[in-house]
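# A closer look at the structure
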Amino acid sequence: MKAVILAAGKGTRMMPLTKTHPKPMLRVDGLRTLLDVHLDMLTSMPEITEIIIVIGYLGEIIEAAFKSSYRGVPIRYVEQKRLAGTYGSLGKALDSNVNEPKFLVMTADDIQSKEAVQQALACQYAIVTAHVEDARPYGLVETEILGLVLQIKEKPTELQSGLVFTGVAVLDGYIFERAFLPEVRSGVEMYLTEAMSKMANSVEMRAIISKPGSWFPITTPGDLDEASKRFAFAK
């Protein structure tokens, strides 16, 4: 199974740390970078046989660091020359192939729950979620009583608690069907959350809930210090 890591963003909110390094190459425990943490997790899962990293801003640093493989799992790089949002980046990685078999996609931004990711891999369609008190910075996930996704609302404007999308999903090429094409935002960007929300009306997409404290979003320089305090990054 392919695993796609979306790592093309500029990491504007992480400035000045991202002036010379792309956000996925920032160190989170004094030794390993965010990408090291993701790759350690992915290469420990026998289901993952290939890793595709979508690079953009300072992407040459990522490619030079990891080269063509990690712990025996091949890595392929796809360059995103202009911002296209998470849906556009995923389409670039997989050529928007509607016949693409089941794959894992994740953003390079956050520390994820390995247990939750493994649970998602056991499903045909799934997203990893976590409960937060303020869902406004994220994609708010509405589920039915059995845990299937009803819709995902990107960055709600009103303060509310609930489940949010943590940036990990198990999908297949069906996500590239024209019926699920998201709107273009800010002139260039298309959100994967919008496409998945549409797709959830046609398939059984399960919401996997991360245990409290096992997902840690990293959006500011202070989050790196907090992450090192809260997590023991055992390889």
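Just so we're clear, the structure is a prediction, and the values are computed from it rather than from any experiment.

Procedures and definitions
- Residues numbered from 1 in each chain as written.
- Predicted model: local features only at pLDDT ≥ 70, side-chain atom pairs only at ≥ 80, totals over all residues.
- Heavy atoms only, no water.
- Helix = DSSP H or I, 4+ residues; strand = E, 2+ residues; numbered from the N terminus.
- Rg over C-alpha atoms; globule rule 2.2 N^0.38 Å.
- Contact = heavy atoms within 4.5 Å.
- Areas by Shrake-Rupley, 256 points an atom, 1.4 Å probe, with all protein chains shown as cover.
- Lys, Arg positive; Asp, Glu negative; His and termini not counted.
- Charge placed at Lys NZ, Arg CZ, Asp CG, Glu CD.
- Core = buried A, V, L, I, M, F, W, Y, C linked by side-chain atoms within 4.5 Å.
- Buried < 20%, exposed > 50% of the residue type's maximum accessible area, 1.4 Å probe, protein only.
- Pairing = 2+ DSSP bridges.
- Phe/Tyr/Trp six-rings, centres within 6.5 Å; stacked < 30°, edge-to-face > 60°.
- Salt bridge = Lys/Arg side-chain N within 4 Å of Asp/Glu carboxyl O.

### Describing the overall build of the chain
When its secondary structure is counted, the chain shows six helices and 10 strands. Against the 2.2 N^0.38 benchmark of 18 Å for 235 residues, the chain shows a C-alpha radius of gyration of 17 Å, consistent with a compact globule. Viewed in the frame of its principal axes, the chain has a C-alpha envelope of about 40 × 40 × 35 Å. Restricting to contacts in the chain with at least 6 residues of sequence separation, those with at least 24 account for 71%. Total accessible area computed for the chain in this model is approximately 11,200 Å², and 51% of it derives from carbon and sulfur atoms. Seen as two clouds, the 26 positive and the 28 negative side-chain charges of the chain have centres 4 Å apart.

### Considering the nonpolar core
The biggest cluster of nonpolar side chains holds 33 residues, and the ones touching the most others in it are Ile-127, Leu-171, Ile-175, Met-196 and Met-205. At the level of elements, β1 (2–7), β2 (50–55), α3 (85–94), β5 (103–107), β8 (149–154), β9 (162–171) and α5 (192–199) are the ones that each hand at least two residues to this core. When neighbours within four sequence positions are excluded, Ile-127 is seen to be in contact with Val-141, Val-149, Ile-152, Phe-165, Val-168, Ala-169, Met-196, Met-205, Arg-206, Ala-207 and Ile-208. Core analysis: the second largest hydrophobic core is formed by 32 residues, Val-73, Leu-104, Val-117 and Cys-123 among them.

### Quick look at the pairing of β5
In terms of burial, β5 is largely enclosed, as five of its five residues are buried. In β5, alternate side chains face the same way, and those of Phe-103, Val-105 and Thr-107 on one face and Leu-104 and Met-106 on the other are all buried. Pairing between β5 and β9: four bridges, direction antiparallel. By the bridge assignment for β9, Leu-104 is matched with Val-170.

### Quick notes on the packing of aromatic side chains
If you walk through the whole model with that rule in mind, you get four aromatic pairs. Plain terms: the ring middles of Phe-66 and Tyr-70 are 5.9 Å apart, the flat faces sit at 55° to each other, and that makes the pair tilted. By relative accessible area, which is 13% here, Tyr-70 ends up buried. Aromatic side chains Tyr-174 and Phe-180 sit 4.9 Å apart centroid to centroid with 85° between the ring planes, which places their arrangement in the edge-to-face category.

### What about the environment of Tyr-87?
Among the secondary structure elements, Tyr-87 is positioned in helix α3. For the pair Tyr-87 and Ile-127, spaced 40 residues apart in the sequence, the C-alpha separation amounts to 15 Å. Once residues within four sequence positions are removed from consideration, Tyr-87 is found in contact with Ile-175, Phe-176, Glu-177, Leu-181, Pro-182, Met-190, Tyr-191, Leu-192 and Ala-195.

### Examining unusual backbone geometry
Pro-16 follows Met-15 through a cis peptide bond whose omega is 5°. Tracing the backbone through its elements, the reader meets Pro-16 in the loop between β1 and α1 (34–43). Positive phi, close to 50°, is recorded for Arg-71, a residue that is not glycine. Structurally, the position occupied by Arg-71 is in the loop between β3 (69–70) and β4 (73–79). Using a relative accessible area of 53% as the deciding quantity, one classes Arg-71 as exposed.

### With respect to the environment of Arg-27
Summarising the element assignment, Arg-27 is placed in the loop between β1 and α1. Separated by 45 residues in the primary sequence, Arg-27 and Gly-72 place their C-alpha atoms 23 Å from one another. If sequence neighbours within four positions are ignored, Arg-27 has contacts with Arg-32, Thr-33 and Leu-224.

### Some points on the pattern of salt bridges
Overall, the coordinates contain nine salt bridges when judged by the stated rule. Here Glu-100 and Lys-2 are joined by a salt bridge, their closest N and O atoms 3.2 Å apart. Residue Glu-100 is located in the loop between α3 and β5, and its partner Lys-2 is located in strand β1; the two are separated by 98 residues in the primary sequence. One salt bridge in this structure joins Arg-32 and Asp-40, with 2.4 Å as the shortest N-O distance. The residues Arg-32 and Asp-40 share a single accessibility class, namely buried. Within the structure, one salt-bridge network assembled from shared partners comprises Arg-32, Asp-40 and Arg-71.

The values reported here are purely geometric and, on their own, carry no functional implication.
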